[in-house]
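Topology and contacts: notes
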Amino acid sequence: MIEFYNVHKSYQLRGVKKTILAGLTTRFPERKNIGILGHNGAGKSTLMRMIAGAELPDGGKIKRNVNVSWPLGFGGGFAGQMTGIENVRFVARMYGEDTEHMIEFVDDFSELGQSMALPIQTYSSGMKARLAFGISMAVNFECYLIDEITAVGDARFRRKCDEVFETKLKHANIIMVSHSQATIKKLCDTACILHEGELTMYDSVDEALAVHRENQLK
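Residues numbered from 1 in each chain as written. Predicted model: local features only at pLDDT ≥ 70, side-chain atom pairs only at ≥ 80, totals over all residues. Heavy atoms only, no water.

Focus on the environment of Arg14
Threshold: A run of DSSP states H or I qualifies as a helix once it reaches four residues; a run of E qualifies as a strand once it reaches two. Both are numbered from the N-terminal end. Burial classification: accessible surface area is computed with a 1.4 Å probe over protein chains only, and a residue below 20% of its type maximum counts as buried, one above 50% as exposed, and the rest as partly exposed.
The topology assignment puts Arg14 in the loop between β1 (2-13) and β2 (16-28). The class of Arg14 is exposed, set by a relative accessible area of 88%. For the pair Arg14 and Gly126, spaced 112 residues apart in sequence, the C-alpha to C-alpha distance is 30 Å.

Below, the structure is given as structure tokens:
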């Protein structure tokens, strides 16, 4: 279960305050695949990082009693001066995974080859995304956070991502951000909308998508 208690989050941009969350209190449904909708700049990625614990709120509390992944494709936690292998080893130890098995899995899945022995700071954004996705799939999380990551790589690699992800979904749930309404309808049981600092939950994905389309016309 993931719960927000009076959570506030805002930024100062060129002297203008941008509110992401204005005192949000909510509970994300358990054992549900949840889509997060909202216009560009609404703060969806910020919300995902807060759910993961990668970014802190300005005020309020966030409680988690499930093992939550970092947002898939998020490389902000990597140590740039360390190699891909060293980063995998660090994450494996942090989550209590078998180090050598995890390195072997990520090496095979990411297809980075000799680049696994190079520092992360030499990687392109696509290479970082492959590494991050591979590491995420190597750890058995109860809830996976997805922020448009399935779009990385060529068609063959995307199919590979889909296959391993479908296997994970047999035993885990997702919270995802996607601009593809078809993807939200395919993968999610319910959805919510982040709009003007408020997050509204909807039982019906179709209802959430309809409201989201109306918001985009305003």
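After presenting the structure, the write-up continues.
Examining the pairing of strand β6 (residues 143-147)
The line we're drawing: Paired strands, in this sense, are two strands between which DSSP finds at least two bridges.
Burial runs high along β6: 4 of the 5 residues are buried. When β6 meets strand β7 (residues 173-177), the two strands line up parallel, connected through 5 bridges. Within β7, the residue paired with Cys143 across the bridge is Asn173.

Focus: the packing of aromatic side chains
Our working rule: The pairing test for Phe, Tyr and Trp rings, Trp by its six-membered ring, is centres within 6.5 Å, and the orientation test on the planes gives stacked under 30 degrees, edge-to-face over 60, and tilted for anything in between.
The final tally for this structure, using the stated rule, is 7 aromatic pairs. Plain terms: the ring middles of Phe4 and Phe28 are 5.8 Å apart, the flat faces sit at 55° to each other, and that makes the pair tilted. Note that Phe4 is positioned in strand β1 and Phe28 in strand β2, a separation of 24 residues in sequence. On the basis of relative accessibility, which here comes to 2%, the residue Phe28 falls in the buried class. Seen in terms of ring centroids, Phe105 and Phe109 are 6.0 Å apart; in terms of plane orientation they differ by 5°. Their pairing is stacked.

Purely spatial values, then, with no claim about function.
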